[in-house]
Amino acid sequence: MKNNLTKKKETFLKWIIISIFIIIFLIEYGNHLQKEPFYNKEKATKKLGWTITFIVLICIYIAEKTIVTIEERRLINSMIIFAGTFSYLYFLAQNNEL
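Residues numbered from 1 in each chain as written. Predicted model: local features only at pLDDT ≥ 70, side-chain atom pairs only at ≥ 80, totals over all residues. Heavy atoms only, no water.

**With respect to helix α2 (residues 41-66)**
Line of reasoning, step 1. Here α2 spans 37 Å end to end across 26 residues, near enough to the 38 Å set by a 1.5 Å rise per residue.
Line of reasoning, step 2. Within the sequence span of α2, burial applies to A44, T45, L48, G49, I52, I55, V56, C59, I60 and A63. (Helix = DSSP H or I, 4+ residues; strand = E, 2+ residues; numbered from the N terminus. Expected span 1.5 Å × (residues − 1). Buried < 20%, exposed > 50% of the residue type's maximum accessible area, 1.4 Å probe, protein only.)

Structure, rendered in structure tokens:
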């Protein structure tokens, strides 16, 4: 029983770190899109949106295949979705599009 609890904590911490990495990566990617020489607000917003969608779906798929417990899987999926949503809203706020 205790070994199972330790394993759950390890996987949960691993996914927290992955979610934080996703936030940082996507914010940096949004900043990179803004610094492109031929910056187009609409095109950059769409590009970031599709990138976020793709990354979030891949992470959710991996979580679905690797995590057995339904409650833990739902929590981790929510964290992943929050990371993508936060990154997108941060990008929109920087561009005064909110």
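**Quick notes on the packing of aromatic side chains**
Line of reasoning, step 1. Across all of its chains, the model carries four aromatic pairs by this definition.
Line of reasoning, step 2. Aromatic pair F86 and Y90: ring centres 6.4 Å apart, planes at 25°, arrangement stacked. Residue F86 and its partner Y90 are located together in helix α3 (residues 70-94), separated by four residues, close to a single helical turn.
Line of reasoning, step 3. By relative accessible area, which is 36% here, Y90 ends up partly exposed.
Line of reasoning, step 4. Taken together, the ring pairs in this structure connect F21, F25 and Y29 into an aromatic cluster. (Phe/Tyr/Trp six-rings, centres within 6.5 Å; stacked < 30°, edge-to-face > 60°.)

**Overview of the nonpolar core**
Line of reasoning, step 1. Ranked by internal contacts, the top residues of the largest apolar core, which has 21 residues, are W15, I22, L48, C59, A63, I76 and I80.
Line of reasoning, step 2. Looking at this core, the elements that each hand over two or more residues are α1 (2-34), α2 and α3.
Line of reasoning, step 3. Those residues within four positions of W15 in sequence are excluded, and the remaining contacts are C59, I62, A63, T66, I67, I76, M79 and I80. (Core = buried A, V, L, I, M, F, W, Y, C linked by side-chain atoms within 4.5 Å. Contact = heavy atoms within 4.5 Å.)

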